[in-house]
Amino acid sequence: MSRFKVALHILPRRGILDPQGKAVADALHTLGFKAVEDVHVGKHIIVEVSAHDASAAERDARAMCERLLANPVTEDFEIAAVSAS
Amino acid sequence: MKFGIVTFPGSNCDYDAYHAVADVLGEDAVYLWHKEHDLAGSDIVILPGGFSYGDYLRPGAIARFSPIMHEVIAHAKRGGPVLGICNGFQIACEAGLLPGVLLRNESLRFVSEPVRLRVENNDTLFTNRYEVGQLLTMPVAHGDGRYTADDETLDRLEGEGQVVLRYIHSPADADEYWSPNGSMRAIAGIVSTAGNVLGLMPHPERAMDALLGSSDGVGVFESVLARVAA
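Residues numbered from 1 in each chain as written. Chains lettered and ligands numbered in written order. Predicted model: local features only at pLDDT ≥ 70, side-chain atom pairs only at ≥ 80, totals over all residues.

## Focus: the overall build of chain A
- Counting secondary structure elements, chain A contains two helices and three strands.
- In sequence order, the secondary structure elements of chain A are arranged as β-α-β-α-β.
- Here chain A has a C-alpha radius of gyration of 16 Å; the compact-globule value for 85 residues is 12 Å, and the former is much larger.
- Considered along the principal axes of its C-alpha atoms, chain A spans approximately 50 × 25 × 15 Å.
- For chain A, long-range pairs separated by at least 24 residues make up 70% of all intrachain contacts whose partners lie at least 6 apart in sequence. (Helix = DSSP H or I, 4+ residues; strand = E, 2+ residues; numbered from the N terminus. Rg over C-alpha atoms; globule rule 2.2 N^0.38 Å. Contact = placed C-beta atoms within 7 Å.)

Written out as structure tokens, the structure reads:
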């Protein structure tokens with residue numbers, strides 16, 4: 001067993017009202033970042049897990065997202081990176 | 001009739017619920033610590049308001065895995081009544097007892113104020129003491145109350161009469177729906193398919209005495225008592 005660091009992104013699903021993303025976009029516009037077209041605010045979670053290999057660590061992380069870390073009704077998740085730690 | 005009131009770390013309406021049941025209604029009430037493994041003979045379970053686990057991850061997401069929830073879910077599956085108020089509604093959704101989810105208020109502001117509600121269905125375990133179209137006043141106090149589900153789920157909820165309470169703008173125009181949090185279709189409260197689980201963002205347990213602003217919440221408790229005792 002080795003130790004892996006799995007980085008996860010959890011974001012509000014496209015099409016679902018994201019008032020936090022909109023508020024941040026408005027603030028960026030106010031600061032002069034006129035080129036900002038859209039902002040989505042989500043979560044970045046790092047899970048450190050022991051597993052036989054990287055693909056097992058990723059499989060575990062996926063199951064964690066499905067069961068707890070993301071809400072399947074309104075959020076999407078992606079495994080951003082798996083690295084040995 | 002015995003009410004079991006679940007206390008999670010961070011619950012803060014459990015005392016209000018206890019007061020409503022024990023002092024106003026004169027029924028038995030017992031607190032159920034979230035680490036317990038049985039409901040102590042409760043006939044009706046209340047998941048109270050608050051900020052269980054500090055709303056970490058998502059409101060209700062972690063409370064849903066507390067040991068007592070195993071028993072609450074089994075109770076609900078047997079047809080036992082469960083009343084999820086505010087954070088309790090969020091927990092019931094996370095636990096899969098009710099469809100959908102409660103997201104951050106559209107305004108991004110915490111709302112704490114009395115709201116006007118319209119009874120949409122009185123043929124339920126929790127609303128049979130009201131009339132359809134009856135207007136109620138109850139307080140809300142939440143930052144994450146925007147009921148959200150996909151269109152198919154919303155259509156089904158409406159079609160099956162599972163939408164029991166909606167927010168309205170003012171009693172003068174009771175057909176004009178409006179919501180303090182951006183809820184889809186102005187939904188304030190829904191029941192499960194089997195009808196034995198009610199989730200609502202407004203606080204009936206804080207609307208038990210006209211002296212404190214409203215006694216419109218009493219009907220929720222009397223409704224369930226009338227049906228369960230029958």
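## Side note on the overall build of chain B
- What chain B contains, in helices and strands, is five helices and 12 strands.
- Against the compact-globule benchmark of 17 Å for 230 residues, chain B has a radius of gyration of 16 Å, which places it among compact chains.
- C-alpha extents for chain B along the principal axes are approximately 45 × 35 × 35 Å.
- Relative to its 230 residues, chain B shows a buried fraction of 56%.
- Considering only contacts within chain B whose residues lie at least 6 apart along the sequence, 75% involve residues at least 24 apart. (Buried ≥ 20, exposed ≤ 12 C-beta atoms within 10 Å, placed from the backbone.)

## Observations concerning the interface of chain B and chain A
- Each partner contributes to the interface: chain B provides 11 residues, whereas chain A provides nine residues.
- Here the side of chain B that touches chain A is composed, by residue class, of five nonpolar, three polar and three charged. (Nonpolar A, V, L, I, M, F, W, Y, C, P; charged D, E, K, R; others polar.)

## What to know about the nonpolar core
- Judged by nonpolar contacts, the single largest core of 69 residues is most densely connected at V6(B), I46(B), V82(B) and A92(B).
- Take this core: its biggest share by element is five residues, from strand β9 (residues 163-170) of chain B.
- With residues near it in sequence (within four places) discarded, V6(B) still touches L32(B), H34(B), V45(B), I46(B), L47(B), P48(B), I68(B) and V72(B).
- One finds F4(A), A57(A), A61(A) and C65(A) within the second-largest nonpolar core, a separate group that totals 10 residues. (Core = buried A, V, L, I, M, F, W, Y, C linked by C-beta atoms within 7 Å.)

## Brief notes about the sheet that holds strand β1 (residues 2-12) of chain A
All names here are of chain A.
- The strand order across the open sheet formed by three strands is β2-β1-β3, and the pairing between neighbours is antiparallel. Because the sheet does not close on itself, it has two edges, and the strands there are β2 (43-51) and β3 (75-84). Along the sheet, successive strands turn relative to each other by an average axial angle of 25°, direction set aside.
- Pairing of β1 with β2, which is carried by nine bridges, proceeds in the antiparallel orientation. In the strand pairing of β2, K5 is matched with E48. (Pairing = 2+ DSSP bridges. Axes fitted to C-alpha atoms, helices over the stretch in contact; angles between N-to-C directions.)

## As for helix α1 (residues 19-30) of chain A
- If you check α1(A), its first and last C-alpha atoms are 16 Å apart, about what 12 residues at 1.5 Å a residue would give, namely 16 Å.
- Where α1(A) terminates, the next one or two residues include G32(A), which has phi positive at roughly 105°. (Expected span 1.5 Å × (residues − 1).)

## Topic: helix α3 (residues 87-94) of chain B
All names here are of chain B.
- Here α3 lies mainly inside the structure; eight of its eight residues are buried.
- Within α3, the full set of buried residues consists of N87, G88, F89, Q90, I91, A92, C93 and E94.
- Residues of α3 that are buried in the fold lie against β3 (44-47), β4 (82-85), β5 (101-103) and β12 (197-200).
- Count one or two residues on from α3 and you reach G96, which has phi positive near 80°.

## A closer look at the environment of M64(A)
Residues and elements named next belong to chain A.
- Assignment of secondary structure puts M64 in helix α2 (residues 54-69).
- Using a count of 17 C-beta atoms within 10 Å as the deciding quantity, one classes M64 as partly exposed.
- Taking C-alpha positions, M64 is 9.6 Å from V47, a pair spaced 17 residues apart along the chain.

## Here we look at the pairing of strand β6 (residues 111-119) of chain B
Residue and element names in this part refer to chain B.
- Note: β6 against strand β7 (residues 135-142), eight bridges, orientation antiparallel. Along β7, the bridge assignment pairs P114 with P139.
- Pairing of β6 with β9, which is carried by four bridges, proceeds in the antiparallel orientation. What sits directly across from L117, in β9, is Y167.

## Topic: unusual backbone geometry
Residues and elements named next belong to chain B.
- In this model, D55 sits at a positive phi of 60°, which is unusual for a non-glycine residue.
- Secondary-structure assignment places D55 in the loop between β3 and α2 (67-77).
- A tally of 18 C-beta atoms within 10 Å means that D55 is categorised as partly exposed.
- You will see that L57, though not glycine, has its phi angle at about 70°, which is positive.
- Here L57 falls in the partly exposed class, since 17 other C-beta atoms lie within 10 Å of it.

## Some details on the environment of S179(B)
Residue and element names in this part refer to chain B.
- Following the sequence through the fold, S179 ends up in the loop between β10 (173-177) and β11 (187-191).
- The class of S179 is buried, set by 24 C-beta atoms lying within 10 Å.
- Along the primary structure S179 and N122 are separated by 57 residues, whereas in three dimensions their C-alpha atoms are 21 Å apart.
- Not counting chain neighbours up to four residues away, the residues in contact with S179 comprise Y167 and A186.

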